[in-house]
Amino acid sequence: MRFNITDAVKHLIIINVVMFIGTVALGDGKLFYSLFSMFFPTNDLFQPWQVVTHMFMHGSPTHLLFNMFALWMFGTPVEQRLGTKKFLFVYFSAGFGALLFQLGYYYIDYLSAMQSIADLNLSKGLLHKIMNIDATSGDYIKSEILYQKMVPLLNDANFTTDISGDNFKALFDLNVLNRSTMVGASGCIMGLLAAFGMMNPNAELMMIFLPIPIKAKYFIPGIILLDVISAITGTSFFSPSNTAYMAHVGGAVIGFLIMWFWKKSEKDKYRWN
């Protein structure tokens, strides 16, 4: 069987691999993450270019391998059918859609936490400093570290109101949210998966952990439903627990909507079928 790969897919894979090599080779593994991951907009490390660059970042070799395999597997037939320009439009539109869905999901938690601390009347500057405290220990953000580093900031601001209980929990949640990052091409690839399913509804797909052939028209909605359940409940089925599930949903929804519009459009220049 000949290994086929289209031009845009090939170049996207090369860029992703180069970015990962730079991530692990430069700056003790932290430089690229601090520059190119997508940080929550309130984080001091947030930069506008991260809206795009986070799509080319990956957290581990396994993360990269699975995404690039999926990009080749589903991206190649989609690019062959749509052409390079439309393929790239779907790819990046799904990536932006994934970002908006995940940020919107985070923003709901942000508003809830902000409402919980409204009675503290923290100044914007003080709240910003608290949210940007580095309270990490290894791979975890610890409440005791946050409290220890928060106290001097409160004293410097002559803030005397007691912060405990639900108020402190809300500040801790804001700190965790503020330090959350998004990396990976998964949202883009979910858009391609949706596009592939629209073009090939009866194609039989299988998961590595569930080697049973399932038609794409059932398989893809099932994957999206599992991501929605995981986002709501926090229960992980096949992905790591730190997966941005709503980004997957957003990418798939945008990919589907684009393909649906092109399919229904009366203008021949948009049609793919």
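Rules of the game
Residues numbered from 1 in each chain as written. Predicted model: local features only at pLDDT ≥ 70, side-chain atom pairs only at ≥ 80, totals over all residues. Heavy atoms only, no water. Helix = DSSP H or I, 4+ residues; strand = E, 2+ residues; numbered from the N terminus. Contact = heavy atoms within 4.5 Å. Lys, Arg positive; Asp, Glu negative; His and termini not counted. Charge placed at Lys NZ, Arg CZ, Asp CG, Glu CD. Expected span 1.5 Å × (residues − 1). Bend = angle between axes of the 7 residues up to and from the residue. Buried < 20%, exposed > 50% of the residue type's maximum accessible area, 1.4 Å probe, protein only. Phe/Tyr/Trp six-rings, centres within 6.5 Å; stacked < 30°, edge-to-face > 60°. Lys NZ or Arg CZ within 6 Å of the ring centre and 35° of its normal. Core = buried A, V, L, I, M, F, W, Y, C linked by side-chain atoms within 4.5 Å. Salt bridge = Lys/Arg side-chain N within 4 Å of Asp/Glu carboxyl O. pLDDT = per-residue confidence, 0-100. Polar contact = N/O pair within 3.5 Å; in protein donor to acceptor, adjacent residues only side chain to side chain.

All right, on to the overall build of the protein then. When helices and strands are counted, the protein shows 11 helices and 6 strands. Structurally, the protein occupies a C-alpha span of about 70 × 40 × 40 Å along its principal axes. Nonlocal contacts in the protein, meaning residues at least 24 apart in sequence, comprise 69% of its contacts between residues at least 6 apart. Here the protein contributes 19 positively and 17 negatively charged side chains, and the mean placements of these two sets differ by 15 Å.

Our next topic: helix 4 (residues 61-82). The end-to-end C-alpha distance of helix 4 is 30 Å, a good match for the 32 Å that 22 residues give at a rise of 1.5 Å each. Of all the bends in helix 4, the greatest reaches close to 35 degrees and is centred on Gly75; the proline Pro77 follows between one and four positions later. Buried residues of helix 4: Leu64, Asn67, Met68, Ala70, Leu71, Phe74, Gly75, Thr76, Val78, Glu79 and Leu82, and no others. Positive backbone phi, approximately 95 degrees, marks Gly83, located one or two places after helix 4.

Applying the stated criterion to the full structure yields 11 aromatic pairs. The interplanar angle of 75 degrees and the centroid separation of 5.8 Å between the aromatic rings of Tyr147 and Phe168 together place this pair among those described as edge-to-face. Of this pair, Tyr147 sits in helix 7 (residues 143-156) while Phe168 sits in helix 8 (residues 165-178), placing them 21 residues apart in sequence. Taking relative accessible area as the criterion, Tyr147 reaches 43% and is therefore assigned partly exposed. The exposure class assigned to Phe168 is buried, which follows from its relative accessible area of 15%. Across from the ring centre of Trp262, 5.2 Å away, lies the NZ or CZ of Lys86, which sits over that ring.

Within the element layout of this structure, Glu144 appears in helix 7. Distance in space between the C-alpha atoms of Glu144 and Ser186 is 34 Å, their sequence separation being 42 residues.

Let us look at unusual backbone geometry. The phi torsion at Asn121 lies on the positive side, around 55 degrees, for a residue other than glycine. Checked against the element boundaries, Asn121 lands in the loop between helix 5 (84-116) and helix 6 (124-131).

So, about the nonpolar core. Counting residues in hydrophobic clusters, the biggest one holds 40 residues, and the most contacted among them are Leu71, Val78, Phe87, Val90, Tyr91, Leu205 and Met259. Ranked by the residues each element gives to this core, the list is headed by helix 9 (residues 186-199), at 9 residues.

Right, let's get into the pattern of salt bridges. In total, this model carries 2 salt bridges according to the counting rule given. The closest approach of N and O atoms between Asp134 and Arg179, which form a salt bridge, is 3.6 Å. You can see Asp134 sitting in the loop between helix 6 and strand 2 (136-137) and its partner Arg179 sitting in the loop between helix 8 and strand 4 (181-182), a full 45 residues away along the chain. When the shortest N-O distance is used, the salt bridge between Lys169 and Asp173 registers 3.0 Å. One end of the pair, Lys169, and the other, Asp173, are both in helix 8, 4 residues apart, so they sit about a helical turn from each other. Note on Lys169: relative accessible area 49%, which makes it partly exposed. Residue classification places Asp173 among the partly exposed positions, given a relative accessible area of 32%.

Structurally, Ala231 is set in helix 10 (residues 216-233). The exposure class assigned to Ala231 is buried, which follows from its relative accessible area of 10%. The residues touching Ala231, leaving out its near neighbours within four places in the chain, are Tyr105, Tyr245 and Met246.

Put simply, the protein has an average pLDDT of 88, and 90% of its residues get 70 or more. Confidence, expressed as mean pLDDT per element, reaches its minimum in the protein at strand 5 (residues 204-207) with 70 and its maximum at helix 3 (residues 50-53) with 97.

Our focus in this paragraph is the side chain of His54. Locating His54 in the fold gives a position in the loop between helix 3 and helix 4. Overall, His54 belongs to the buried group, its relative accessible area being 3%. Reaching out from His54, the side chain makes a polar contact with the backbone oxygen of Gln50 at a distance of 2.9 Å. In terms of polar contacts, His54 uses its side chain to reach the backbone carbonyl oxygen of Val51, at 3.1 Å. Not counting chain neighbours up to four residues away, the residues in contact with His54 comprise Phe36, Ser37, Met38, Leu99, Met182, Val183 and Gly184.

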